[in-house]
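# Structural overview
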Amino acid sequence: MTTARGHQLELFDVGEMPEIVGGYPMMRYMGSKFRLLPWIHSVLQELDFDQALDGFSGSGCVGYLLKAMGKEVCSSDFLNFPTVIATATIENPGVTLTPDEVELLLAHDPKHRRFIETTFNGIFFTTEDLRFLDRVSWNLPKLGNRYKQAIAASAMIRACAKRQPRGVFTVAGDPDRYKDDRRDLRMSIEEHFLEHVDVYNAAVFNNGRSNRAIRSDIFSVGSSFDLVYLDPPYVPRSDDNCYMKRYHFLEGLSCYWNNVEIMETSRVKKISKPFTPFSYRRTAIEAFDRMFASFADSTIVLSYSSNGYPDLTQLKEMLGRYKGTVDVHQRSHRYHFGTHSKASRNQVVEYLIVGQ
């Protein structure tokens, strides 16, 4: 296993995980399992498998862990921006961006479009930041190589998430309103981008396997895997689980808003929400059962939380229809998404439900 550059470990206990996982370029993401990776690794390493699916890849950290374990990984998500990130970090066989290519991305082209500047003026970022995003987006195809493009796009995505307070895009306001000393908010998008290109380059490695990153609904991804890791957007007891609402700007940026429907009446220019049966009580149970049936021939590892619907008892019963043994691993966890004092639901019991 080779790495492109050295790695800066995050501030959490990596345990016996492959060391490279600690340097994964994580960003704030609803339901992220990054801080749970040592625990997830401890469960996965006891299972016999070679080809794995990360079926709801999200931030990509679990798929990256699987890759670091030497597995052949298929990373899948029904949104585009997680697929771009997975292309850069999981499918990528070892390609990095050079300094000359970064300069190409930064170069001014008088022909470039100004869609972002025009559409999002005064909503999230400064005019200078928006112009930078338009410029790099225009130059992106000039790189030619899809892995280089994915690294650059991922660096833009992470730059925007870092620059946006709490990393979500639900509320509009004055882009200059945050005057505190938080480093991420002081930095421009361009400064973030240049820093994150280095971070993504450092995360690139080749594990010698034919890994894939695909954009797909879980029911269309296929079923020829030894193990499937499933972390669906379960129905919460309160609030909602709409990733598009929170990350629509990142989703649009990942494709330069091509072939998406912008809700023009929305103050923040949201993108229309794609349907998923996992988001609604009336369809969630049927969706879980159908998903379990789809992967009846694979070891199933379901990541779930005590604040979700359906509950643990229902999930064990459903999974038991297709698996001879169902084991539950659990630990307490506090999510760092929405850490205000009233967010008591962030303290949960996290489950890994293993069906074999």
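Residues numbered from 1 in each chain as written. Predicted model: local features only at pLDDT ≥ 70, side-chain atom pairs only at ≥ 80, totals over all residues. Heavy atoms only, no water.

Taken as a whole and assessed by the stated rule, the structure comprises 1 cavity of 30 Å³ or more. Taken together, the residues of the lining of the largest cavity break down into 7 nonpolar, 3 polar and 1 charged. (1 Å grid on protein atoms, 1.4 Å probe; cavity = no way out; pocket = protein on both sides within 12 Å on 5 of 7 lines; lining within 4 Å. Points joined across faces, edges and corners; volume = space filled by probe spheres on them. Nonpolar A, V, L, I, M, F, W, Y, C, P; charged D, E, K, R; others polar.)

Looking now at the confidence of the model for the chain. Averaged over all residues, the pLDDT of the chain is 89; the fraction at 70 or higher stands at 89%. Note on residues 2-14: pLDDT under 50 across the span, and 34 contacts to partners over four residues away in sequence or across chains. This stretch, residues 338-345, has a pLDDT under 50; its non-local contacts, to residues over four places away or in other chains, come to 8 contacts. (pLDDT = per-residue confidence, 0-100. Contact = heavy atoms within 4.5 Å.)

So, about the packing of aromatic side chains. Throughout the structure, instances matching the rule amount to 28 aromatic pairs. Both rings, one in Phe81 and one in Tyr247, keep their centres 6.1 Å apart while their planes meet at 55°; by these two values the pair is tilted. Highlighted residues: Phe81 in helix 3 (residues 80-91) and Tyr247 in helix 10 (residues 243-255), separated in sequence by 166 residues. Here Phe81 matches Tyr247 in class, with each residue buried. Between Phe125 and Phe169, the ring centres sit 6.2 Å apart and the planes meet at 75°, which makes this aromatic pair edge-to-face. (Phe/Tyr/Trp six-rings, centres within 6.5 Å; stacked < 30°, edge-to-face > 60°. Helix = DSSP H or I, 4+ residues; strand = E, 2+ residues; numbered from the N terminus. Buried < 20%, exposed > 50% of the residue type's maximum accessible area, 1.4 Å probe, protein only.)

A few words now on the environment of Pro99. Within the element layout of this structure, Pro99 appears in helix 4 (residues 99-106). With relative accessibility at 62%, the residue Pro99 sits in the exposed group. C-alpha separation for the pair Pro99 and Val197, spaced 98 residues apart in sequence, amounts to 9.8 Å.

Once that is clear, we can look at the packing of helix 4 against helix 6 (residues 127-139). Between helix 4 and helix 6, the least distance of the axes is 7 Å, while the angle of their chain directions is 120°. In terms of orientation, helix 4 lies oblique with respect to helix 6. Side by side, helix 4 and helix 6 meet where Leu104, Leu105 and Leu106 of the first sit next to Phe132, Arg135, Val136 and Asn139 of the second. A per-class count over the contact of helix 4 with helix 6 returns 5 nonpolar, 1 polar and 1 charged. (Axes fitted to C-alpha atoms, helices over the stretch in contact; angles between N-to-C directions. Parallel < 35°, antiparallel > 145°, perpendicular 65-115°, else oblique.)

Time to look at the pairing of strand 2 (residues 51-54). Where strand 2 meets strand 3 (residues 72-77), 4 bridges bridge the pair, whose relative direction is parallel. The partner of Ala52 across the bridge, within strand 3, is Val73. Crossover connection from strand 2 via helix 2 (residues 61-68) to parallel strand 3: handedness right-handed. Both strand 2 and strand 6 (residues 227-230) contribute to a ladder of 3 bridges, which runs parallel. Its bridge partner lying in strand 6, Asp54 is registered against Tyr229. (Pairing = 2+ DSSP bridges. Right-handed = clockwise from strand over helix to strand, strands pointing away.)

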